[in-house]
Amino acid sequence: MADDLLRLRDDEAHDEPAVTLDSFLGQSNATAVRLEAGEDARALLPHLERLALVEVSFPSFRDGRGYSAARILREAGYTGELRAEGDVLVDQIAHMRRCGFDSFAPAAPIDEAAMARMLAIQPHVYQCAADDRAPIWKLRHG
Amino acid sequence: MYKYDTYDQAAVDARVAEFRDQVERRLSGALSEDQFKPLRLMNGLYLQLHAYMLRVAIPYGTLDSRQMRMLAHVARTYDRGYGHFTTRQNIQYNWIKLEDAPDILAELATVEMHAIQTSGNCIRNISSDQYAGAAADEVTDPRPWAELLRQWSSFHPEFSYLPRKFKIAVIAAGEDRAAMRLHDIGIEIVERDGQHGARVFVGGGMGRTPMIAPEIRDFVPLADLLSYLEACLRVYNRYGRRDNMYKARIKILVHEIGAADYARQVEEEFAHVKALGIDLPAAEFERIAAFFAPPAFETGLSETIDRSDPDFALWLDQNVKPHKAPGYAIVNISLKPVGGIPGDASAEQIDVMADLAERYSFGEARVTHAQNIVLPHVRKADLYAVWQALAEAGLAEANLDLISDIIACPGLDYCSLANARSIPLAQKIATRFADPARQRELGELKLKISGCINACGHHHAGHIGILGVDKKGTENYQLSFGGSGAEDVSLGKITGPGFDEDGVVDAIERATDLYLARREAGERFVDTYRRLGMEPFKEAIYG
Ligand code: SF4
């Protein structure tokens, strides 16, 4: 798994294993947690300071709940590593980036050349998200 | 009309490049069909029974002559010479080759068109009132709002993999010509204290569990609109079910937790989202709205129309509607000739309509959810010339909103999900009621046919609705009465046991006979049905 980890962060990878949401909420010292697709990211909001890694599961690339989970965490000020794990494919990564994911643990290896192309393809974006790209309307009005 | 700036053009061009890359990876085998499917769907490309179908977006149903000519060109060059206008105010081509799709999109991009988000589990093309900017009863032109939502929803990173497809309609008139409350989100622009704001309805839809959207908020100021909609979508995306695709639509969520609880959760989320600064500045709305300023209507025009040609007079009375500017009228072009395929137009006909729009309607045309075309701004003095040109092209059917103005989905002739054919049935019904005098006698009668429970033909919203079902391997049709997608919105009720193709035509005839016998002054078919209830109709049909 670690071989296929794509990290777009400069800090050291966090090596503590991610625990389930239930055990995270039940123990005071865990610093890494894994959210299943149906779990509510808002449960983590009171504990953001002690978190270094949140892993969000994508059981299928069609299941888009993780995009909301990521934005919710970033909007609440979470700055640690936010990892998309599971059925993570090249063509979804640009959206995942915009929602705040900064590391990817795909179940199947990702073609990095294709990923670089897809990440660079849209020169601008139409709406605000969890990244710092200025939306087109902001560019239009200076 | 809205015009792309360099940002809009770059976004569409980039999408073409992206899709070309994806198609190449699919053709080389790097992408499996399963992985490719959602990507092609987000570019409007479906795999149908016989070929790929490409659905091209016509944002809020508005297009210009140049764009129409491009649609004709695509029909001629990449299809078999036809385009099919849909109930989502889009156009589809039924005979597309996968290898050609990137080139078609590149050609479309040269006239500011695309197929982005015309399918897939994302926010789809925004629909609106086909009379926008022309109707006398509108509060304002709804299209700047629709364009604003088009931009906001394009490549939305959080809402591109929703539980299911998501449809938004925007209207700004008391008369609902867009079936607004049968959308996932329906927006009615209203005026309060001199300000325009959105009345928001959430959780409508057709499909196997039809629902009329309840009102969630009576007024959202323009400055809060995007925040509010993000909140609506996020609550849905967080909760929306993935385990059962039939229960994944927002209407099921709203129904299960109740409109009040849903609204409360949206308010809570909205309070948070509003603080993020994602809403547009007024200047951006003004910039968009300026594109929709009324065209330079002439003043002092004559109101009189020479009605001496009786065929013209019939068309005038049926297909031409009042315009807000003196001396102008709204022309409806019926794509429902008796015996034809509802919504189909040949490349030549599309070119004719493009020419007429250019010459007589400030270059603008509209697509309606009833699968017809509108020339929104025609001088009354030009109506006769327009009618003559339409008649020559086989486009002057005088049947707007009559029984032969049928909405029908593609059905078993094209669609892999269908249980039954829709098009041949529509043709049979139109042929049975072909006599124009008889149709006019029956008056407004909205007949809608879907080939399966997915309800693309809006049968729930038909005064008469027909649903194709599979009965032990044979095609069977369920009949329903009393639906409406207009401001008197309601869902149809099934009459009883289904029929075969001829049987359903007979049943409709018996029901309309009963209506003629029992109607009171001024009543449409649906009014008489609502007054009398199902029983007498049942008796007439099943005897
Ligand atoms: S209603 Fe059914 S048959 Fe008709 S187009 Fe939709 S999915 Fe196909």
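Residues numbered from 1 in each chain as written. Chains lettered and ligands numbered in written order. Predicted model: local features only at pLDDT ≥ 70, side-chain atom pairs only at ≥ 80, totals over all residues. Heavy atoms only, no water.

Asker: Let's hear about the overall build of chain A: which residues, and what values?
Answerer: Along chain A, the regular secondary structure elements total five helices and six strands. In chain A, the succession of α and β elements from N to C terminus is β-β-α-β-β-α-β-α-β-α-α. Scaling as 2.2 N^0.38, a compact globule of 142 residues should have a C-alpha radius of gyration of about 14 Å, and chain A matches this with 15 Å. Counting every position in chain A, which comprises 142 residues, the buried fraction comes to 52%. Restricting to contacts in chain A with at least 6 residues of sequence separation, those with at least 24 account for 49%. (Helix = DSSP H or I, 4+ residues; strand = E, 2+ residues; numbered from the N terminus. Rg over C-alpha atoms; globule rule 2.2 N^0.38 Å. Buried < 20%, exposed > 50% of the residue type's maximum accessible area, 1.4 Å probe, protein only. Contact = heavy atoms within 4.5 Å.)

Asker: An account of the interface of chain B and chain A is needed here, citing residue identities and associated values.
Answerer: Each side of the interface is counted separately: chain B has 50 residues, and chain A has 35 residues. Note on chain B versus chain A: buried area summed over both sides is about 3700 Å², and carbon and sulfur give 56% of it. When the area that chain B buries against chain A is broken down by residue, the three leading residues are B:Tyr7, B:Pro157 and B:Tyr161, summing to 21%. A salt bridge links A:Arg140 to B:Asp8; its shortest N-O distance comes to 2.9 Å. Run the count over chain B and chain A and you get 25 residue pairs in polar contact (both at pLDDT 80 or more). When contributions to the side of chain B that touches chain A are tallied by element, the ones reaching two or more residues are α1 (6-28), α2 (33-41), α5 (143-153), α6 (225-239), α8 (259-274) and α9 (282-290) of chain B. In terms of residue count, the dominant contributor to the side of chain B that touches chain A is α1(B) (11 residues). Classifying every residue of the side of chain B that touches chain A gives 21 nonpolar, 11 polar and 18 charged. (Buried area = accessible area lost by both parts, 1.4 Å probe. Salt bridge = Lys/Arg side-chain N within 4 Å of Asp/Glu carboxyl O. Polar contact = N/O pair within 3.5 Å; in protein donor to acceptor, adjacent residues only side chain to side chain. Nonpolar A, V, L, I, M, F, W, Y, C, P; charged D, E, K, R; others polar.)

Asker: Tell me about the confidence of the model for chain B, and please be specific about residues and values.
Answerer: Averaged over all residues, the pLDDT of chain B equals 95, while 99% of them reach at least 70. Complex prediction metrics read pTM 0.94 and ipTM 0.95. (pLDDT = per-residue confidence, 0-100.)

Asker: So, the pairing of strand β5 (residues 81-86) of chain A: which residues are in play, and what are the values?
Answerer: Residue and element names in this part refer to chain A. In terms of burial, β5 is a largely internal element, six of the six residues being buried. In this structure, strand β4 (residues 53-58) lies alongside β5, joined through six bridges in parallel fashion. Counterpart to Phe58 in the pairing with β5 is Gly86. Regarding the hand of the β-α-β motif, the stretch spanning β4, helix α2 (residues 65-75) and β5 is right-handed. (Pairing = 2+ DSSP bridges. Right-handed = clockwise from strand over helix to strand, strands pointing away.)

Asker: Tell me about the sheet that holds strand β3 (residues 32-35) of chain A, and name the residues and values.
Answerer: Strand-to-strand pairing in sheets goes through backbone hydrogen bonds, with the strands running parallel or antiparallel. Residue and element names in this part refer to chain A. Strand order in the open sheet formed by six strands is β1-β6-β5-β4-β3-β2, and the pairing between neighbours is mixed. Each edge of the sheet is formed by a strand with only one pairing partner; in this case those strands are β1 (6-7) and β2 (19-20). Relative to β4, β3 runs parallel, the two being bridged by four bridges. Opposite Ala32, over in β4, you have Leu53 as the bridge partner.

Asker: Go over the packing of α1(B) against helix α4 (residues 101-109) of chain B, please, and point to the residues and values.
Answerer: Residue and element names in this part refer to chain B. Where α1 contacts α4, the two axes come as close as 9 Å, and the packing angle between them is 175°. Viewed along their axes, α1 and α4 adopt a mutual orientation that is roughly antiparallel. Together, Gln9, Val12, Asp13, Val16, Phe19, Arg20 and Val23 of α1 and Ala101, Pro102, Asp103, Leu105, Ala106 and Ala109 of α4 make up the contact between the two elements. Of the residues that constitute the contact of α1 with α4, the class distribution is nine nonpolar, one polar and three charged. (Axes fitted to C-alpha atoms, helices over the stretch in contact; angles between N-to-C directions. Parallel < 35°, antiparallel > 145°, perpendicular 65-115°, else oblique.)

Asker: Before we move on, can you summarise empty space enclosed by the protein with the specific residues and values?
Answerer: Counting across every chain of the model gives six cavities of 30 Å³ or more. A volume near 350 Å³ is recorded for the largest cavity. For the lining of the largest cavity, the secondary-structure elements that each account for two or more residues are α3 (93-98) and α4 (112-120) of chain A together with α1 and α2 of chain B. The class makeup of the residues in the lining of the largest cavity is 11 nonpolar, nine polar and five charged. Inspection of the lining of the largest cavity shows a minimum of three residues originating in each of domain 1 (6-109) and domain 2 (127-289) of chain B. Considering only enclosed or pocket space, the second largest cavity measures out at about 170 Å³ in volume. Looking at side-chain class alone, the lining of the second largest cavity contains nine nonpolar, three polar and three charged residues. (1 Å grid on protein atoms, 1.4 Å probe; cavity = no way out; pocket = protein on both sides within 12 Å on 5 of 7 lines; lining within 4 Å. Points joined across faces, edges and corners; volume = space filled by probe spheres on them. Domains from an automatic or database assignment.)

Asker: Tell me about the packing of helix α16 (residues 525-532) of chain B against helix α17 (residues 534-542) of chain B, residues and numbers included.
Answerer: All names here are of chain B. Across the interface, α16 lies against α17 with an axial gap of 6 Å and an inter-helix angle of 110°. Overall, the two elements α16 and α17 adopt an arrangement that is roughly perpendicular. Contact with α16, carried on its side by Phe525, Thr528, Tyr529 and Leu532, involves Met534, Pro536 and Phe537 of α17 and no other residues of that element. Tallied by class, residues from the contact of α16 with α17 come to six nonpolar, one polar and no charged.

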